[in-house]
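So the chains spell out like this:
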Amino acid sequence: MSILDKSFLDKIQSSKTLQELENLRVEILGKKGILTAQFALLRELSQEEKKQKAKELNELKNTFESLYLAKKATLESAKLHSALEKEKIDVSLFNTTQNRSVGHPINYTKDKIIHYFVSMGYELCEGPLVEDDFHNFTALNLPKYHPAREMQDTFYFNDSKLLRTHTSPVQVRTMLAQKPPIKMICPGATFRRDYDLTHSPMFHQVEGLLVDEVGKVSFAHLKYVLENFLKFMFGEVKVRFRSSFFPFTEPSAEVDISCVFCGGEGCRVCSHSGWLEVLGCGLVNDNVFKAVGYENVSGYAFGMGIERLCMLSLGISDMRSLYENDLALLEQF
Amino acid sequence: MIISTYLLSQFIDLEGRDIEQIAKILNDIGIEVEKLWRLQVSKRVVVGKVVAKTPHPNADKLSVCQVDIGSQTLQIVCGAKNVEQNQFVALALEGAKLPPKDEKSAFFEIKQSNLRGVTSYGMICSSSELGLCKINDGIMVLDSSVGELELGRELSDYPFFNQYFLEISLTPNRGDCLSVLGVARELASVFDSYVSLPKERENAIALGLGRVLNTTAKCNIDSILLYKVAKITHICPSVIEEIILAYNGLLTKNTLENHKIFTTFMTGVLLDIYALPCDSALPAMLKVQKDEKGFECVYDRDDNKLCVIGVKSYAKTDDFKKIQSQESNKESNKQSNEKSTQNPNDEDSKSTQNPPTQSSPNASKNINKNDSKIANQDFTITKYQREEYELDSSDEEDFFEDDLDSSQKEADDSLIVVIQASFLSPHIISQNLFTHKIAQDKTTTYRSMRGANPQLFVGMNFFCEILHTRADCLIYSGYQELEMQEAKDRIVISASFEAISQAIGKNVSKEQIAQILKQLDFRLEANGEADIFRIIPPAYRHDIHTQQDITEEFLRVYGIENIEPKPYIGIQPKAYTPTLHSYLNKRDLAKRALANGFYECIHFLFAQKSVLQEWGYEVLDSALELSNPITTELDTVRSSLIPSLFESIKRNQNLGYKNIRLFEIGAVYDAKREQKEHFGIVASGLERGESYPYPKGKKWDFYSFCEVVANILGDFRLQKPSEIPTQAHPHICAEIFIPKQNFDKQDFNTLDSSDFKKEQNHAQKQWQKIGIVAKLNPTLQAKLEIADSFFAEIYEIPQLNPAKALPTSRLHENERDITVLINKDIPFSDIKEAILSADIEHLSRAYPLDIYEKDGFALTIRLVFTPIDSSLSEDELGKRVQAVLEVLDSSFGAKLKQ
């Protein structure tokens, strides 16, 4: 091979492997390389010729080296590519058999409610599930003979304690333990002796209470916080207050939202009324304040069933399914 | 309660009122409209009269009727047993479209049809075929209660068959609304209109009541009572009444009873009806007195208890059936009989022989003012014959059994009944019934405990009006009334306009408040002070006692929707409390469990005592046990979360799941019924499901289960418990220990480098037991028929926030592995404890690397040394490893494996 006919340039291009290319480099620029030999011959030339020849040789060398490096980079990249090619997998074969849930639908809903009210400055309060008659009924304006007690079928223990039928006793306990002002919510499990399509012996409530000096708390305040809360839970819904009755509040109201399933047009879920009942509320009955020894105060209270809000916001139709703990349901959340 | 616009319009003018508006008003003022639907009987359903009925030639159960519809007479094949000649019926003509039986089916169109060879040109309808509530097993027989029956007239022309029904639900404080009148009253308040109440029918020639009835109170009573007496020969049903009562589940087979129930349904007044014993001397005696339990009762002359007021009636309603019209053609008989009773003789001599009876001297008061007022009329009555009232002089049994005996005289078919309207304060009834459990009519006490209508004349007049129109009868004129307390201590409430405005959160004028209260029939009196006024609620409002009640009354009529929402701006109590802190911590733990693929469960607090015992968990002391469990399977409250979590494992395994991870954070109770919060974690079957790249999945083992539990709880160490609980595998069970948490002291300022050494110093670390982790006992597992399962139950839920930060080393750690021959039965926790408590400098961790069981038992332990200020030399490391080996040798006789 003659270095001068520049055929090595083609040889570079035709090299197929890094090894071939390296062999070529050795053949040209190695210790015994053709070009190396040419450089060695320079010594024998006159100064004038040497300068001329050296210039030519250096140009050749530079040309070779730049082509060599380019080719080397190409071949290396091809090699890496083929190596990576061998590691190729089908990423979509990934298939976890274990879904990650955000929590039981009831607790997820409960957390969301707590999140709202805690952000609004309500103190989170908890109380015992096993209660006595005073905290669960009497202090809440429900004397023993009151017909409203019939609404609540109660679980009793042999020592006449009972399982709380609502979370209201926590409000009584908080009022007995603290002085006003009070701004609290009490979420938790409650119990009634009832089991059918729409009743579960255990269910959950969140109740809220605000107490301040007399004349400071009004129904208008109650409307504000509940309308705001319901929009937080359900988005842009219409909110309706209907007069109602609860022994522990007066005036009392039940609160409806426009049906989240049909938008108020009327469907099976809302019994074609366009409204869904979600809350009960009212100004605290003076008899409740009397029972805890508060004077010259005013306040509002509200309560909601977590299951109801959970079912409506997540679209679960059977209340009992919430306690069956079937993965088929739990996996979805 | 199901009411209708037709019923409401008996008391209030609904002309021009839109039904949607009515429903909205009711909802707004606290009478929840659960359902609202329109009843409109299909076109081409007309009034017809059965003029002939013959048996079907080819079918036993069918009859062929000729039905006159005015313009023509049609042949109709009818399958109902109760079809009779002369009945007025609802006849669906060809082309009538009857409502579908359920949501799925379509309208049913009537066509001419051939029934076993006989052509039928229409269908005689039952109430349910017309889309009404079912009232009987056959066809619906029409009567004049729907209006004048014109043959051929479409039913939908009659207001009753073209109206709206409303299903309403009432709150327990509103006993006054448990009647159509009550609801009408509410509507009238909002409309600023009035209700029209039934009046006594003018009947100048009727006999006086005093002749036949004498009522006395034997002691001081709280009840008020009103009496009237009627002599009834025939009584006819009312189809409207039957339909309404059927809708409300109140329909009985007894016509007089139905009239009575309907009166109460319409007016809210409680009625009792007693058939007079025929052999008793007249005037009949009724005594009111308290029984031994303090209930006010009505007794007859022979001290038979007739009723416990507001609680239970002991009247023999079977007696009423004797006058019940069995056939529809009595309808026409009635018309003529009514005329005859209204045509008495004008002989008045005999009536003077029976002057009104004097009140018993025992009664402290026996108001009989109405009776005396109309006394003059009594004396004008002429055809008074004592015998008529004695009905039958034979013994009582005969009297009640002979009602079907057609050979009896006409007069013997009639019945004298005492009609009693009563009212007793709901508070007294509720308290008595709470103190004494006695027999009660639930529908009666449901009403009386919530407050029946004390407007007794309204109920009495309504009932008498039914008798006048639906019975052949003579109603004695006048009333007898028993009321002990003159002008009952009426409630007077002082209220402030200002306070009402404040409570609702809107400035409303005095005039607005006063106006609305007046619409509600409250009486207002000024009190001298400009802002304070005195309010007297109407007698039927048993629920109004305080200013708050007045506020509620105002607000519900004024309309909550008219109150603008306002934000409460007030004092802010501290919101971040230990309760919130602990709640958020629990949720953080739950989120870790969720991130590790566990599903959150909520189980009932209830458990089965025998199951808890079988699993080796404590149970409540029997003195503290649940006394009225809902089922035997939920007869106590749980002391552990684990059994119910495994129930759910089993359930899900039966549903086809193979890798199941569940957890629950919830309350449990110990034997003393102290409430605690536990955290239960369970896993069963496969850790990795059967899926590429693990086609056979990967089973759980103890160590991998502990790994995920640690992912959730944070680092812990395990120790074999001294006693293995029943629910655990006897050899695969450990107690979980974590470094003792000191939540009170979180003092970040006192840290120095010596603390770092202390933390390394294992022996000085305090450990606390927080729970148990184990493989499920194989016997329980086999019984549940579930795959290999593991559980952890945490009874001291750890705080996830670290107590304080530790200084960190920037130098490379050194690892040294040693393999020692050691007794296999020594638990690694002991070895680790020995190594770490030897206080070897720079030794920060020691953990097991591998075990060898060939040629004796050998254990490889990795020792990790953490340099603090400068790197450790080989020499220094060697010395420290040697020190460890010496500890192992001296403590356990362990030798380095060569």
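Residues numbered from 1 in each chain as written. Chains lettered and ligands numbered in written order. Predicted model: local features only at pLDDT ≥ 70, side-chain atom pairs only at ≥ 80, totals over all residues. Heavy atoms only, no water.

S.K.: For this particular structure, what's the right way to read the side chain of B:Gln87?
M.R.: Inspection of the secondary structure assignment puts B:Gln87 in the loop between β5 (73-78) and β6 (88-93). A distance of 2.7 Å separates a polar atom in the side chain of B:Gln87 from the backbone nitrogen of B:Glu84. (Helix = DSSP H or I, 4+ residues; strand = E, 2+ residues; numbered from the N terminus. Polar contact = N/O pair within 3.5 Å; in protein donor to acceptor, adjacent residues only side chain to side chain.)

S.K.: Is there a simple way to explain the sheet that holds strand β6 (residues 239-246) of chain A in this structure?
M.R.: Residue and element names in this part refer to chain A. Strand order across the open sheet formed by seven strands is β1-β4-β5-β9-β8-β7-β6, with mixed pairing between neighbours. If you trace the sheet from one side to the other, it starts and ends with β1 (123-124) and β6, each paired once. When strand β8 (residues 275-284) meets strand β9 (residues 297-305), the two strands line up antiparallel, connected through four bridges. Bridge pairing in β9 places Leu-283 opposite Tyr-300. (Pairing = 2+ DSSP bridges.)

S.K.: Which parts of the structure should I look at to understand the interface of chain B and chain A?
M.R.: When the parts come together, some accessible area is lost, and that loss is often what is quoted as the size of the interface. Listed by partner, the interface residues are 83 residues for chain B and 88 residues for chain A. Taking both partners together, chain B and chain A bury about 7700 Å²; carbon and sulfur atoms supply 58% of that area. It is B:Tyr568, B:Tyr599 and B:Ile602 in chain B that bury the most area against chain A; as a group they hold 11% of the surface buried on that side. For the pair chain B and chain A, the interface holds five salt bridges. Remark: the boundary between chain B and chain A carries 32 residue pairs in polar contact (both at pLDDT 80 or more). Sorting elements by how many residues they give to the side of chain B that touches chain A places helix α17 (residues 578-595) of chain B first, with seven residues. (Contact = heavy atoms within 4.5 Å. Buried area = accessible area lost by both parts, 1.4 Å probe. Salt bridge = Lys/Arg side-chain N within 4 Å of Asp/Glu carboxyl O.)

S.K.: Quick question: what am I supposed to make of the nonpolar core here?
M.R.: Side chains of nonpolar character tend, in soluble globular proteins, to be buried together. Core analysis: the biggest nonpolar cluster contains 93 residues, and A:Phe117, A:Leu163 and A:Phe302 have the highest contact counts within it. If one sorts the elements of this core by residue count, helix α8 (residues 219-234) of chain A sits on top with nine residues. Excluding residues that lie within four positions of it along the chain, A:Leu163 makes contacts with A:Leu129, A:Val130, A:Thr154, A:Phe155, A:Phe157, A:Phe191, B:Leu605, B:Phe606, B:Leu626 and B:Val637. Residues B:Phe11, B:Leu149, B:Leu245 and B:Ala246 belong to the second largest nonpolar core, which totals 64 residues. (Core = buried A, V, L, I, M, F, W, Y, C linked by side-chain atoms within 4.5 Å. Buried < 20%, exposed > 50% of the residue type's maximum accessible area, 1.4 Å probe, protein only.)

S.K.: For this particular structure, what's the right way to read the packing of aromatic side chains?
M.R.: One pair of aromatic rings is described through two measures. These are the centre distance and the angle between the planes. Residues and elements named next belong to chain A. Taken as a whole and judged by the stated rule, the model has 32 aromatic pairs over all chains. Their ring planes at 25° and their centres at 5.1 Å tell us that Phe-117 and Phe-302 sit as a pair that is stacked. Remark: Phe-302 occurs in strand β9 and Phe-117 occurs in helix α5 (residues 105-119); sequence separation between them is 185 residues. Note on accessibility: Phe-117 and Phe-302 belong to one class, buried. Taken together through their ring pairs, the aromatic side chains of Tyr-116, Phe-117, Tyr-122, Phe-229, Phe-232, Tyr-300 and Phe-302 make up a single cluster. (Phe/Tyr/Trp six-rings, centres within 6.5 Å; stacked < 30°, edge-to-face > 60°.)

S.K.: What is the right way to look at the environment of B:Thr779 in this model?
M.R.: Residues and elements named next belong to chain B. Inspection of the secondary structure assignment puts Thr-779 in helix α22 (residues 778-784). Assessed through its relative accessible area of 61%, Thr-779 is described here as exposed. For Thr-779 and Ala-728, which are 51 residues apart along the polypeptide, the C-alpha to C-alpha distance reads 9.6 Å.

S.K.: Can you walk me through unusual backbone geometry in this structure?
M.R.: When glycine is set aside, most residues are seen to have a negative phi, and most peptide bonds are trans. Residues and elements named next belong to chain A. Cis geometry is adopted by the peptide bond preceding Pro-181, which originates at Pro-180 and carries an omega value of 5°. By the element assignment, Pro-181 lies in the loop between α7 (168-177) and β4 (182-191). Residue Pro-251 is bonded to the preceding Glu-250 through a cis peptide linkage, with omega at -5°. By secondary structure assignment, the location of Pro-251 is in strand β7 (residues 249-258).

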